[in-house]
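Residues per chain are reported as follows:
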Amino acid sequence: MAAIIRAEHLSHIYGQGMPDASVAIQDINLSIEEGDFVGLIGSTGSGKSTLINHFNGILKPTSGKLYVAGEDMWADPRQIRKFRFLVGLVFQYPEYQLFEETVEKDIAYGPSNMGLSEEEIRRRVHSAAEMCGIDEAMLQKSPFELSGGQKRRVAIAGVIAMQPRILVLDEPAAGLDPEGRDNILSQIKAYHKQTGTTVVLVSHSMEDIAKYADKVIVMDQSRLAMYDTTEKIFARAPELLAMGLSVPQITRIFLRLRELGVDIPTDVYTMPYAVKTILKAVENKKGGAPV
Ligand SMILES: Nc1ncnc2c1ncn2[C@@H]1O[C@H](COP(=O)(O)OP(=O)(O)OP(=O)(O)O)[C@@H](O)[C@H]1O
Ligand SMILES: [Mg+2]
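This one's a predicted model, so the numbers in the text were calculated from it and none came from an experiment.

Student: Can you walk me through unusual backbone geometry in this structure?
Tutor: It is generally the case that most residues other than glycine have a negative phi and that most peptide bonds are trans. Unlike most non-glycine residues, Asp27 shows phi in positive territory, near 50°. Mapped onto the fold, Asp27 is located in strand S2 (residues 22-33). Taking relative accessible area as the criterion, Asp27 reaches 37% and is therefore assigned partly exposed. Positive phi, close to 70°, is recorded for Ser222, a residue that is not glycine. By the element assignment, Ser222 lies in the loop between strand S9 (215-220) and strand S10 (223-229).

This is the structure:
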């Protein structure tokens with residue numbers, strides 16, 4: 001598969017040349033394959049938002065290159081708008097950016113800037129709304145009448161309505177209750193499956209990453225520390241813990257069992273796999289093999 005996003009020696013310094021300059025990301029090299037669902041984790045200030053804000057040209061690299069769909073993004077800065085449509089970015093706390101009179105107009109804002117026909121805009125707005133669980137009645141409401149979770153869904157629908165090839169979401173479930181979190185994330189997962197859109201999801205929750213991502217990028221102190229399949233990342237739980245990150249609860253239980261001398265794998269991060277592994281271990285024990 002071809003890389004849809006490729007970073008080469010990408011670095012960003014805020015306030016370069018100023019006394020308070022700070023290096024936010026340093027020498028990042030990575031390739032994101034088209035169609036992947038990639039989780040992005042790292043402690044506060046590790047550079048997650050800075051990295052993804054480069055993916056659609058909101059931030060310009062201080063040095064290094066970024067290729068989107070094979071094209072050098074900053075080869076001609078006048079063309080940067082094109083990448084804003086190719087890569088849909090949902091910011092951290094996007095509900096603060098809702099401003100139109102109705103939900104419908106808010107979702108239509110992005111596609112309206114793309115030179116599409118009225119009919120095509122309407123079609124996209126309705127399909128994005130449906131995908132995000134927003135019904136007809138809600139479309140006519142003011143965004144300010146909605147709950148936190150609903151506002152979040154409207155903001156995501158506005159980006160989806162642009163039909164980006166890559167959907168990048170910065171903590172889309174932050175601050176929502178567990179039900180709201182699950183609603184939003186499972187809708188994003190369903191959208192990914194249905195459309196094949198590449199998804200990059202920033203999250204603080206290891207449980208969410210374990211549940212939804214196929215691959216995981218780990219940022220640590222402005223550098224890319226790991227990038228692998230979710231299974232392989234969580235098999236490195238001690239290193240994650242050393243970076244001040246947590247691991248899914250089930251992974252912690254398996255680590256502890258291993259410390260206690262039980263012979264089980266450490267790459268367990270989902271409940272179904274945990275159950276399967278335990279049943280297998282019990283089966284082996286019955287057969288006389290050591291557990
Ligand atoms: N606009 C800015 N101006 C100056 N420094 C910034 C700016 N935005 C971020 N930084 C600094 O860059 C570094 C990386 O920040 P960034 O927001 O990318 O981290 P993050 O991993 O997204 O953190 P969080 O988990 O809190 O969202 C931090 O040291 C931060 O203080
Ligand atoms: Mg951030």
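That was the structure; now back to the text.
Student: Looking at this model, I keep getting lost on the nonpolar core. Mind explaining?
Tutor: What tends to happen in soluble globular proteins is that the nonpolar side chains get buried as a cluster. Counting residues in hydrophobic clusters, the biggest one holds 50 residues, and the most contacted among them are Ile107, Ile134 and Val218. If one sorts the elements of this core by residue count, helix H6 (residues 148-160) sits on top with six residues. Grouped together as the second largest cluster of nonpolar side chains are 26 residues, Ile52, Phe55, Ile80 and Met219 included.

Student: Just to check I follow, could you spell out the sheet that holds strand S3 (residues 37-42) for this structure?
Tutor: Judged by pairing direction, the sheet is mixed, and its six strands sit side by side in the order S6-S7-S8-S3-S9-S10 without closing on themselves. Pairing within the sheet leaves two strands with one partner each, and these edge strands are strand S6 (87-90) and S10. On average, each strand axis in the sheet is inclined to that of its neighbour by 15°, with strand direction left out of account. Note that S3 and strand S8 (residues 198-202) share four bridges and pair parallel. Opposite Phe37, over in S8, you have Val199 as the bridge partner.

Student: It is not clear to me how a nonpolar patch on the surface should be interpreted in this structure. Could you clarify?
Tutor: Side chains of Met271, Val275 and Leu279 sit close together on the surface and give an oily, nonpolar patch of about 300 Å² of accessible area. Mapped onto the fold, Val275 is located in helix H12 (residues 271-286). Among the residues examined, Val275 registers a relative accessible area of 43% and is labelled partly exposed.

Student: Before we go on, may I ask you to explain the domain arrangement of the protein chain in this structure?
Tutor: Size of an interface, as often reported, equals the accessible area lost when the parts are brought together. According to the domain assignment, the protein chain contains domain 1 (3-230) and domain 2 (248-291). Look at where the C-alpha atoms of domain 1 and domain 2 centre, and you get two points 36 Å apart. Counting residues at the interface gives four residues for domain 1, matched by four residues for domain 2. Together, the buried faces of domain 1 and domain 2 total about 340 Å²; carbon and sulfur atoms form 65% of this surface. Together, Glu207, Ala210 and Thr230 form the three largest contributors to the area buried by domain 1 at its contact with domain 2, with a combined 83%. At the junction of domain 1 with domain 2, the criterion picks out zero salt bridges. At the junction of domain 1 and domain 2, the tally comes to one residue pair in polar contact (both at pLDDT 80 or more).

Conventions adopted
Residues numbered from 1 in each chain as written. Chains lettered and ligands numbered in written order. Predicted model: local features only at pLDDT ≥ 70, side-chain atom pairs only at ≥ 80, totals over all residues. Heavy atoms only, no water. Helix = DSSP H or I, 4+ residues; strand = E, 2+ residues; numbered from the N terminus. Buried < 20%, exposed > 50% of the residue type's maximum accessible area, 1.4 Å probe, protein only. Core = buried A, V, L, I, M, F, W, Y, C linked by side-chain atoms within 4.5 Å. Pairing = 2+ DSSP bridges. Axes fitted to C-alpha atoms, helices over the stretch in contact; angles between N-to-C directions. Patch = residues over 30% accessible without salt bridge, like charges linked within 9 Å, V, L, I, M, F, W, Y side chains within 5 Å. Areas by Shrake-Rupley, 256 points an atom, 1.4 Å probe, with all protein chains shown as cover. Salt bridge = Lys/Arg side-chain N within 4 Å of Asp/Glu carboxyl O. Domains from an automatic or database assignment. Contact = heavy atoms within 4.5 Å. Buried area = accessible area lost by both parts, 1.4 Å probe. Polar contact = N/O pair within 3.5 Å; in protein donor to acceptor, adjacent residues only side chain to side chain.

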